[in-house]
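# Architecture at a glance
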Number of protein chains: 2
Amino acid sequence: MKYAVIFGANSYEHEISIVSAVVLKKVFRADMSFVYCDSLGHFYLIPKDKMNAKTFSSKAYLKEKELFLKQGGFFEKGLFGEKKLECEMYINLVHGKDGEDGKFASLFEFFKLAYIGPRIEASVLSYNKELTKIYAQKVGVKTLPYKLLKSYDKASLAQDFDFPCIIKPARLGSSIGISVVKDKDELEYAKDVGFEFDEELLVEPFIKDIKEYNLAGCMIKDDFIFSMIEEPRKKELLDFEQKYLSFSGNNEVKEAKLDEALKAQFYEAFKKICNPLFKGALIRCDFFVIDNEVYINEINPNPGSLANYLFDDFSVVLERLARSVKNEKKVKTDFAFLHSINGSKGKL
Amino acid sequence: MKYAVIFGANSYEHEISIVSAVVLKKVFRADMSFVYCDSLGHFYLIPKDKMNAKTFSSKAYLKEKELFLKQGGFFEKGLFGEKKLECEMYINLVHGKDGEDGKFASLFEFFKLAYIGPRIEASVLSYNKELTKIYAQKVGVKTLPYKLLKSYDKASLAQDFDFPCIIKPARLGSSIGISVVKDKDELEYAKDVGFEFDEELLVEPFIKDIKEYNLAGCMIKDDFIFSMIEEPRKKELLDFEQKYLSFSGNNEVKEAKLDEALKAQFYEAFKKICNPLFKGALIRCDFFVIDNEVYINEINPNPGSLANYLFDDFSVVLERLARSVKNEKKVKTDFAFLHSINGSKGKL
């Protein structure tokens, strides 16, 4: 199967997405093209041997072939007309905005490209941290309690809460705009920082040394494939660089030592979250454990480098997923209604 | 301001959308172009004098100029290169799938076209009837109780409920796939019909002669514009044709006679639903009233012909809305992270 990896786009995680794609080139044994979306939304076909950081940071990518999205594929313009990029399966590797907020899912569905990545509804529910909590509750998975601060609603801003707490923009991936707030003095600044990125902020209790675990996986028809469960390295908060260098293959992955009952809880929670909303995507769920109970913290529907480092044989998993994905169905249009109006009720 | 109306697309309400656009041509006093999206996702520029049912039912539209979506606009190809469609404001008039499920919002955001219509998150939350209920509950607006039947979950299918009930596909607009079920004998057939359209069905109590009211409106910055409150004509269920011929201007609108307290309830509920999720759209909320209390039944973020018939001066409302809409912000990309990797940590 021929793949094309899409990465970049208008996102705070633009550069992380480039790193993800460079890593995927190394770890996924498959015939792959690389389609870079710059932050203005223009697409470029990047030759495999130019898939390195400098191509992007030096803007050398501007010299590569530009691609245009049309029904059925990406096309390049040539002297003898348009040429379609040969590809049977696109991989959405755009992190955060554009990639995980529903836009790329919409592009793939509208232009009818088969793709690995979250569908539109799955994107929206995992992109907004409040909706993630509401969704988790609906499917029976625990989450931390929260309050919502809304820049447009004074009553919400006057709420009291206990310290320390953690303040997060509702709709950003990675750690951008997130603050741990130790007391009331730090609060206003943390709000200001957060409101730079979103008009809604989540406030959660901050639990020092909380146990964190990551589990990746996907659905193939009615079955699940799970990765190992990782206990990620951490400081109080992983910063941008730490969090993402981890998937570039420079760190050893630490498999969590867990008893079977707790493992079963992780798998059960993952299934509830994934089935069927995240069909078509390889997702990573980031969990907390408190008093031996599993809480979902975050759903990453396009995790860094597709969390390849958590799987024994990542290439086999991704190939199997690729063979199982489905786009939306085409609706039949026969103009029967318009014919009937014109026939019986006078001209429209 | 120059407008372009987008209509059609891959939707069960494709033909209704054509009717909507023909009606808008008549009622909106403005400089408008018409961009038809056929059910395969190809765009055509339809001259104003050809905006009638026959152009579409006879497929005469195929002879019109094809348009291509690129960054910043729709373009037609000519002998001397590409020409951009002159337009400052797009109006999303695609009903149901594609138009209201987040796809067109995504296209407008990705390709950076200013538009009237629901944003991505608003689309997803109003397109899925279960998410609409969850959202309404979150913002403090009542909805009817429901149970969810999931084709992929046997336990959900074994649930008991009282008759009569109404069964609705979770993600379709209009009345398609909806059945009123009077007793257990009718149940299996109604499920089969519903599951033709969605893998999730909502079951609600069916309340005969329930009072229905429609209220349309929009947000302009922090203010609201409301239409009159209509009591729509009804049978047990409006069928496809009745429901939509109503906005083609052939029926008289019946303003509801309501006391001030109940009116205030409608406005209050509308505000809670609209603010701020549906900013940028002109929406119609369909309410029930039970025991003098208001329940939201459905949020139509692209209502038929934009519910023009409910406003005293529709053109003024739409012009004001157009001047207030905003697209998402551009994210700054400076490649600082990639520079730092290349500088200090060896080449990526």
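Read on for a plain summary of the structure. These numbers come from a predicted model, not from an experiment.

## Regarding the packing of aromatic side chains
- Applying the stated rule across the entire model yields 52 aromatic pairs over all chains.
- Geometrically, the ring pair formed by Phe108(A) and Tyr115(A) is stacked, given 4.7 Å between the ring centres and 20 degrees between the ring planes. Accessibility classification places Phe108(A) together with Tyr115(A) in one group, the buried group.
- Members of the aromatic cluster, each reached through a chain of ring pairs, are Phe43(A), Phe74(A), Tyr90(A), Phe104(A), Phe108(A), Tyr115(A), Phe110(B) and Phe111(B).
- The ring of Tyr115(A) is capped by Arg119(A), whose NZ or CZ atom sits 3.7 Å from the centre of that ring.

## A few points about the side chain of Ser156(A)
Residue and element names in this part refer to chain A.
- Along the chain, Ser156 turns up in helix α6 (residues 154-157).
- Taking relative accessible area as the criterion, Ser156 reaches 5% and is therefore assigned buried.
- Looking at Ser156, its side chain comes within polar contact range of the main-chain oxygen of Asp153, at 2.8 Å.
- Those residues in contact with Ser156, other than ones at most four positions away along the chain, are Leu148, Leu149 and Lys150.

## What about helix α5 (residues 129-139) of chain B?
Residues and elements named next belong to chain B.
- Of all eleven residues making up α5, nine are buried, and the element is well covered by its neighbours.
- Taken together, the buried positions of α5 are Lys129, Glu130, Leu131, Thr132, Lys133, Ile134, Tyr135, Ala136 and Val139.
- Taking the backbone nitrogen of Glu130 as reference, a side-chain oxygen 2.8 Å away marks Asn128 as the first, capping residue of α5.
- Where α5 ends, the next residue or the one after it, Gly140, has phi of about 85 degrees, a positive value.

## Description of the relation of the copies chain B and chain A
- At an RMSD of 0.0 Å, chain B and chain A line up after a rotation of 180 degrees and a shift of 0.0 Å along the axis. Classification of the inter-copy transformation places it as that of a two-fold axis. Nearest to the rotation axis, the C-alpha of Ser106(B) is located 3.1 Å from it, this being the minimum over chain B.
- The fraction of interface residues of chain B whose copies in chain A are also interface residues reaches 99%, indicating that both copies meet through the same surface.

## Section: unusual backbone geometry
- Residue Pro276(A) follows Asn275(A) across a cis peptide bond; omega there is -5 degrees.
- If you check the backbone angles, Lys112(A) has positive phi at about 60 degrees while not being a glycine.
- Looking at the element boundaries, Lys112(A) is found in the loop between α3 (103-111) and β8 (115-116).
- Positioned with a positive phi, Asp291(B) is a non-glycine residue whose angle comes to about 50 degrees.
- Along the chain, Asp291(B) falls in the loop between β15 (283-290) and β16 (293-300).
- Judged by its relative accessible area of 73%, Asp291(B) falls in the exposed class.

Analysis parameters
Residues numbered from 1 in each chain as written. Chains lettered and ligands numbered in written order. Predicted model: local features only at pLDDT ≥ 70, side-chain atom pairs only at ≥ 80, totals over all residues. Heavy atoms only, no water. Phe/Tyr/Trp six-rings, centres within 6.5 Å; stacked < 30°, edge-to-face > 60°. Buried < 20%, exposed > 50% of the residue type's maximum accessible area, 1.4 Å probe, protein only. Lys NZ or Arg CZ within 6 Å of the ring centre and 35° of its normal. Helix = DSSP H or I, 4+ residues; strand = E, 2+ residues; numbered from the N terminus. Polar contact = N/O pair within 3.5 Å; in protein donor to acceptor, adjacent residues only side chain to side chain. Contact = heavy atoms within 4.5 Å. Least-squares fit on C-alpha atoms with pLDDT ≥ 70 in both.

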